[in-house]
Each structure stands twice: as C-alpha cells, then as structure tokens.
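Structure assessment
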Amino acid sequence: MWKFEKNSYEPKTQILDESLFMVGNGYIGVRGCFEEGYPEGDSIRGTYINGLYDRVPMVHAEMAYGFPTVQDKQPRLLDTQTCAVYLDGEPAGLVEGRYQAYLRTLDYLKGETRRSYIFITKSGRKAQLCFKRLASFVEKNILVYRIEVQYEGVIELVSICDTNIENYSNPNDPRTGQSHTQLMKLMALSHEGEDVHVMMQTQNTSIKQATTVRHHVKTGLNSEMVHITKAGAIETHIQGKDHLVLDKICLFTDGLRNENIDMDIQPLLNKLKDSYDYDYFSNLQSQYLDEFWLKTGIEIEGASSDQSAIRYMQYQLLQSVGTDLNANISAKGLSGEGYEGHYFWDTEIYVLPVMLFNQPERAKTLLEYRYHILPQARLRAHELGHHKGAAYAWRTISGIECSGYFPAGTAQYHINSDIAYAFIQYYLYTGDLAFMASKGAEVIFETARIWLEIGHFHQGTFQIHNVTGPDEYTAIVNNNYYTNAMAKYHLMWANRFYNMLKNTTDIELLKQAEMLFEKIGITDDEAETMLKASDQMYFKFDENLRLYAQDDSFLSKPRWPFETADPSKKPLLLHYHPLTIYRHQVLKQADTVLAHFLLEQYAEPEFIKNAFDFYEELTTHDSSLSSCIYGIVASKCGLNQKAYAYFKESIVLDLEDTHHNTKDGLHMANMAGSILGVVAGFAGLRVTENGISIKSNLPKSWQKLKFKIEFRGRIIEIEIHHDGVDCKLIKGNPINIKVNDKWHLLKLDHDSYRGIVFDLDGVLTETSHAHYLAWKALAEGLNFSVPDALEDQVRGISRRAALDMVLAYSENALKYTEAEKEALATRKNEIYLEKIAHYTDRDLCDGARTLLDFLKNNGFKIALASASRNAPFLIKAMGIESYFDAVVNPQDIKKGKPAPDIFLKACELIDLNPSECIGVEDAYAGIESIKTAGLLPIGIGHMDTLYNSDIVMNDLNLLLSLLE
C-alpha cells in the first residue's frame, strides 16, 4: 500500500500513465514518459517549472472594454528524459513479444518511480533494463534519472537534451491549450566534460531558464563519453560493456527566482559534487519522506484500496504544491498541460485546507503567493471599473486575468472570498496574527471592498447581482447563495480583523496595523459598513421546499431533461451551447451544497439536508470538483452509503480516468477533495473560532481511521473506530477539543495541574463596566470623551497604564505632571469604589462559587492575580475570601500585565511551578501574561478579543465541566 504499480504495458494507455507516474517536488515536474521512447502511440513529453510563464495574445471575435488581451501560459521545458538504449547496436524498447517481467512502480516511501523489464534481442539474448527517477524534495532544483542496463555485450546509451519542444494543444477541448505552442526559445547550448548546459528564454516575457545535465557514469569496465551537437540538441553517447549505470543529474533554475540567472546558477552547480549520485539524493528523499508520512499520514484499516488511493493522492499533492511565493498549484499540478498551467480557486477551497491539517508552513506559502500578486488584483479591479479594492483573476499564473469567457470566469467574484476564507482558516489553525497584520489583513480588506462596490443595500438587505457561483452551468445571476454566504463571512471577518488590529495591546502589531490602515485608507466607517453588509446579507429562501435557492431565478427555470437527453453527450459543456444550459435547472458541480459545507453555521441542518436532496438530482458532476463535496455533505447529513459512494467516485477519477482527460494531467483539486472527504467528511473535522471539533461517521467497511492535525503549535492524533473516538495530544500545550458534541481537555501524559490562578474582574465578577464608567466620568470631568471600545482596551491592565490610555483621547494629554496623574488615578478609583460599594455574593459570575467549591474539594491551590488594588475588598464583600490560598498585592509587582510578573508571583505564593498551574483571564493582556509566565492559559469571554488564547470559554460553568 506504499506503492502504485502496473505490471503490464499498453500503448493506448501510455499517455494516461505519463500523468499517473509523473515525478515532481513542487518546483519542477516531469511527466512519466519512457526514456527509451515508445514503439507506437501518443505522448505529451512534458517538463514544467511551477510559476514559470510566457504571455500570448488572447483574441476575441468581438472585443469589449476590460476583456484580457494577453494570457499566461505555462511553457514546456527542454526534454531531459530521453535516453535511448542500444545493445550491440540494436535499439531496446517495449516491442511486442520482445520483453518480459515488465513492472512500473511509484514508491511513496522512496519518492521515486522505477520501471524495469527484460528485453530480448533479435538474437535471443536477454538484457535487464531499469529506469529510475526522482525530483528531490530537499534540493528543489534537482531532478535525477538513473538508467541501468545489464547485458553480456556492448551497451550504448544516448542521452539527449532536446530544446526543440512545443506545448500540447487541442482546439476542440476548452480545458486544454488551443494555440501558441512554441513558448521557449534557445539562447545558448554547450557541453563541458560530463555536463550539458542549456539557456532558454520565454518568447514574450523574456524570463530566462537554465538547465545543466551532469552525466555521472558508473560501470565495472571502462566507458567512453562523447557529446554530439545537433540542431537545438546535444546527444551524449556513453558506451560500456556488461553492466552500465548512468545517473543524469539535472539542475533547473529560472529568472523568476534568480534575477541574475547567469551568475546565480554557479552556486547551484557547485552543489553537484562528484559524490552526489542517484543514491545520494535517494537517501535524502527517503529521510524526508519518513518525516513527511509520520506527520501527515492517513491510516485506514479495513479497506486496502481506499488506503492506497488516499496515499497516492497525498503524495501527488506533495509533488505539485508550490514551495515559494512565485508559485501555487495549478488545476493539473505539474503533471500536464491541461488548463495551461493556470491557478484557480481550487487552491484555496480544496488544496489549502488539506495543507492546513498538518502542513501549516506550506499553506502559508500558498497564501504568500496570493499576497505577492495583490498589486495585479488591484489593477484588475480598476479595469473592471471599481474605485478601490482588489479583484483576483479567475485563472492566472502571474496575477493577470487569463479567462476569456467572462460569464464563467471574471463573473465568479466569489474567488475574492475564497481567498479571504483561506487566510481566515490559516489564522484559525495557527493563531498567527503577525502574518495577518503583515499580509493577510491587507488581502482581506482589499478584497472585501469589492463587495461594497458590486453589492447594494435594498429594503433592509444587502444584495449582490450579476455574478456567477461555482456552478458554471448557471451564469450571471442575482444573489447566488454561495457567493452571498462567502461574502457575508468575508465581510464579517474583515470587520473583526480591523477591530482586532486597531484595539490590540501588542505594540508591534498596533504599529503594523496603523501603517496598513494609512496605506490603504481604510476607516472605522468603512469597517462598520462591511459589518452592516454582512449582517444584512440577503439569501433567497423557498418556504415550500424548505431550502435556500441557488439564486433568485434558479427555482423558476425548467428542469434539465435528464430522462430524455442523450447520456453520451457528457460533459454538457462539450455538446450544448452555454445559453441552452443556462436556461435550465442543471448544475455542473456543487454550489449551494458547497456553501453548506464551508459555512454550515448559516443554515439549519434540516435546510442543508433538503438542499442536498434537491440539488443532487440536478447535478451532473461534470466538474471533477463535485463528487467529493457531495460526499462530505452526505456524511454530515448521515447519508452513509451515499457518502461512501461519492468518496469512491472521487478516488478513482484519475486512477481509472473516469473523466477521460487525465492524459492532460491529474485533477489536483479532486485529489485534495478526496482527502477532505476522509478528514472533514468521515471524521467530521471542523476548525472554527470556537476551536476544534470532530463528529465521526466512519464507513462500515473501515475498521479504523487515524491521522494527525497540527493546531497552534500542537500535534493531535485522532483515531476513530466504530466504538468511538480517541484523541491524544502528542506535542504542545493542553487543548480543549469537542468530540461528538462533548468537550475534552487533551494534555500530555506528564501534565498534571495542581493550582489555579484567577484574575478577578470579568472572571469571578464583572466589574469591567464599572471601571469603564469610572474612566468615562473622569474624562467628562476633564472636558473630553472616550469611546465605548475603551472598556475592552483597559481590561486587565494597571490603573496607571489605563490612565495613560484614557488621557491619550485628550488634547491636553502631555500637560499633566506625574503628581497630577497620580491624583487623577486616585479620583478615578474613588468613583469606581462608589460604583462597587454595594457588591455582594449576588455579583459573582454565574458558576463561580460552584467552581471554587469543586477546586477546594479536589485539593487545588487557588490564587488571585488581579491588577486591581481593590481586589481584597471585593472578594471579602462577595464572601469568597476563604477560598484563596494567596492573593497577590499588585503593589509588589514591578511590571503589570502583559508582563508575567503577577502570575509568577502567584505561583510562588502557592509554592507551585507555573507548569503545574492554570491561569484564568478575560483580557488579551492577561492571557499574554499567563503564556509568558508558563501557565496553561484559559480565556473567559469571546474569541474576538481573546484570540491569543487557544482555550476560550463563554463562562465558568464550561470551565467546571472541563475540569470535571
């Protein structure tokens, strides 16, 4: 199950096998063509660099403003695969009746393909041929071939570096290139010693691409090497006897990553030491993959074919996902030329979620690509007539729009929210607010602005007209459910990130935020309008069907004549005019159903089930992106047989070529969607602002499902079987996880908590509003006002620090002396004491006394770490003074929150190590103090303000249930 194998060769499927047996590493990809060539049949002899592009004219029969005039295309590179084999002068190959013991393998542990057979010469003598290749996951520029021949006679290998290459085209299939096949031109070709050097350049964008092929010969007898230069090619002839091994070590680089490619290639060449043969890179590959599978492997027991298919798909994603900000993952990855190497929304909605499970850095790199092309998205927004904001291209490589058919291209504005959704998901998984401040928020704000431009408020609702959703068989509609749902979520988070960054107490993040706000000119009013649009987003609901309509007009159209239509005319897009399709109730792929997966919180379970049943009957699944999503939602709806049937459809799509176009490359989003079918479907994994949840629904034939996820520095192992779910924390701080609707606290085996340190205000009692009213009264007495947001800003910090924050709203802030400030702080405290003078046990937060009783009865040591000097008075007034083993005096602390001093002091007073204690806070600054001190932080409140805490609970009752 760690290999994909074929033990027979058929010329009619060789072009398909070239895709299935591709080799890549996210930078370089090469199709699985035969080194020695084919006896017959078609071939696409392709090698590609991720992100490299040329530009060609886009011709429109009728031009209109804003139509693209040029498009990106991924060029095919020179051919380094070819290596003819001659045995005593006779060419060897897979000639019918002349070979035995054929075996071809893609090995997921070794990271290589291997092909071997016994060739029988005309004289009846036998030769053992073996061809291996790998693209190094460690040294991204390196692709290595090994050709090994054992034969009792003269062996000659002819390795060819051929620059006479053209891209594949098919004028009858819109999913492939239809013209402009000569995209690279030769600049220089030479040889020196064992090396062949090639410099090429894209025809129109003038991006240089350099390749060096080193011929490393290993043989028991003397061998000879001769280079012969021909038109646009160099043949390297190597001759030996009995046993000949040739390692072709190919080094690729390009002008996108190296500005001065002529100079920068030399350091790369210096890496190719004489000892660096195939075995050297193979050892590195195995070590890399050992770690990769340990971290990312999905284990399925009880269904070996499912296990094999999922491993194949995980490995193919590893081979094609981009590894730097110049690249992403195209619809066909690095396995072929379908869709011309363009990047779509597939990345953010299908592929990136898989990376987020346990490869967050790789997910981050994909997001950095989107930030990298943000300037082009701004230009595209301007071309479309928008006054500000960014509109990402529907299909692109360099960032420009490459879709010539706007109803199913540019009109799919949802790509803006798809990209924003991916940034939000990355934040939820990692808590990486620094990345959001530096890059993510800018993308989210700029793309959110487009919704305010193309949408409008109407009769108390916000509506979005003339767009196309994911279903490309329904175009240019009003209020597409998927589009509106994604826009609602997008706009809500844009407002949320704006306020998070604006109100952060982290000085560095605040500086970054202020610079960003000034750079793009976003204001409080604009952020509030985004929230208003989100809150008032319109969704058409049908009361009779009890479901959300795909758009305003969809339910009024006639149903596609499925019963009478010719079933051979599929996919519909190749057999019917688009207008014929648009007039009917018919879907190419999941649309509303996809929205119900991504944003299930926007619809009741009943409505989701009704939508699944209704839209399923109308869906052709002509898109490879469809079956996997229907399978996931079927799992959610408890439709177990359907869920598994859709899963089986998706995992064989390429392996059995069910869409009849795998020759053009593998369907990468479907592969990612199949993996989502396991983790999000059968395991029911969700990550939201409320944390991690699992709701399992294992297929009957499976005995066990096991995988790991990475969440905010933790590694969690999840094992699902028919009797339940076992979750284990492998690495990191404890975490709260919801399993089948019940919360569980996961901690390392050696973690044991013996103490708990509480903040007071907002945790055990609610005095923050009293503090705010006191500060507000003080400000009004000084003839200035403070905003409502101040209540959260001063939460958990010292009185003097809060005073400085309050005075910042005054025009006279700098005039106060230290003595005057001290007097003002005293005056504020007097106002505050007046407001809390009558506090009793009735002012305890819900569940506080029950929690304190539980802690006391179970031997916990309890401490109070409040920045308030009035804390002793309050706990006595509320009758809880006796529960505390220690109360920290804030006057004994040199630095207040977010410094760790007060929590370190509390641990010292109860004679426990911080790692043995839990800290409970309601403020961002307090959580930072707890984390720095080394306690387990638990936030009481909302994730919006406590985004720096991984465990956030609404109230103390939840904390009690967790500890119990």
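Remember, predicted model here, so these are calculated numbers, not experimental data.

1. So, the UniProt feature "domain: Glycoside hydrolase family 65 central catalytic" (unreviewed entry) in the protein
In this structure's numbering, the residues bearing the UniProt feature "domain: Glycoside hydrolase family 65 central catalytic" (unreviewed entry) are residues 311-675. The straight-line gap between the two end C-alpha atoms of residues 311-675 is 9 Å; of that span, 51% is helix and 3% is strand.

2. Observations regarding the pattern of salt bridges
Tallied over the full model, the rule gives 60 salt bridges. Across the salt bridge formed by Arg395 and Glu340, the nearest N and O atoms sit 3.6 Å from each other. Of the two residues, Arg395 is situated in the loop between helix 7 (374-383) and helix 8 (414-430) and Glu340 in the loop between helix 4 (304-320) and helix 5 (346-358); the sequence distance between them amounts to 55 residues. Note on Arg395: relative accessible area 12%, which makes it buried. Measuring nitrogen to oxygen at the nearest pair gives 2.6 Å for the salt bridge that ties Asp613 to Lys609. In this pair, Asp613 and Lys609 are both assigned in helix 15 (residues 605-616), 4 residues apart and thus about one turn of the helix distant.

3. Quick notes on the sheet that holds strand 4 (residues 47-49)
Strand order in the open sheet made by the 3 strands is 2-3-4, with antiparallel pairing throughout. Of all strands in the sheet, those with a lone pairing partner are strand 2 (23-24) and strand 4, marking the two edges. Examined bridge by bridge, strand 3 (residues 28-30) and strand 4 share 3 bridges and lie antiparallel to one another. Within strand 4, the position partnered with Ile28 by the bridge is Ile49.

4. Focus on helix 23 (residues 848-857)
Within helix 23, burial applies to Ala848, Leu851, Leu852, Phe854 and Leu855. Projection of helix 23 onto a plane perpendicular to its axis shows the buried side chains occupying an angular sector of 160°, all on one side. Contacts from the buried residues of helix 23 go to strand 30 (755-758), strand 31 (861-864) and helix 27 (956-963). Looking one or two places after helix 23, you find Gly859, whose phi comes out positive at around 80°.

5. Topic: the side chain of Gln81
Locating Gln81 in the fold gives a position in the loop between strand 6 (70-73) and strand 7 (83-87). Gln81 gets classed as buried once you look at its relative accessible area, which sits at 1%. When sequence neighbours within four positions are dropped, the list of residues in contact with Gln81 reads Val30, Arg31, Gly32, Cys33, Glu35, Arg45, Gly46, Thr47, Arg133, Tyr145 and Lys248.

6. As for the sheet that holds strand 30
Pairing is parallel across the open sheet formed by 6 strands, whose spatial order is 32-31-30-33-34-35. A strand with exactly one partner marks an edge of an open sheet, and here the two such strands are strand 32 (886-887) and strand 35 (952-953). As paired strands, strand 31 and strand 32 are joined by 2 bridges and run parallel to one another. Paired with Leu864 across the two strands is Val887, which belongs to strand 32. Against the sheet, helix 23 makes contact with strand 30 and strand 31, and its axis sits at roughly 150° relative to strand 30, the strand it touches most.

How each quantity is defined
- Residues numbered from 1 in each chain as written.
- Predicted model: local features only at pLDDT ≥ 70, side-chain atom pairs only at ≥ 80, totals over all residues.
- Heavy atoms only, no water.
- UniProt positions renumbered as here; feature names shortened; annotations may be inferred.
- Helix = DSSP H or I, 4+ residues; strand = E, 2+ residues; numbered from the N terminus.
- Salt bridge = Lys/Arg side-chain N within 4 Å of Asp/Glu carboxyl O.
- Buried < 20%, exposed > 50% of the residue type's maximum accessible area, 1.4 Å probe, protein only.
- Pairing = 2+ DSSP bridges.
- Arc of directions from axis to C-beta.
- Contact = heavy atoms within 4.5 Å.
- Axes fitted to C-alpha atoms, helices over the stretch in contact; angles between N-to-C directions.

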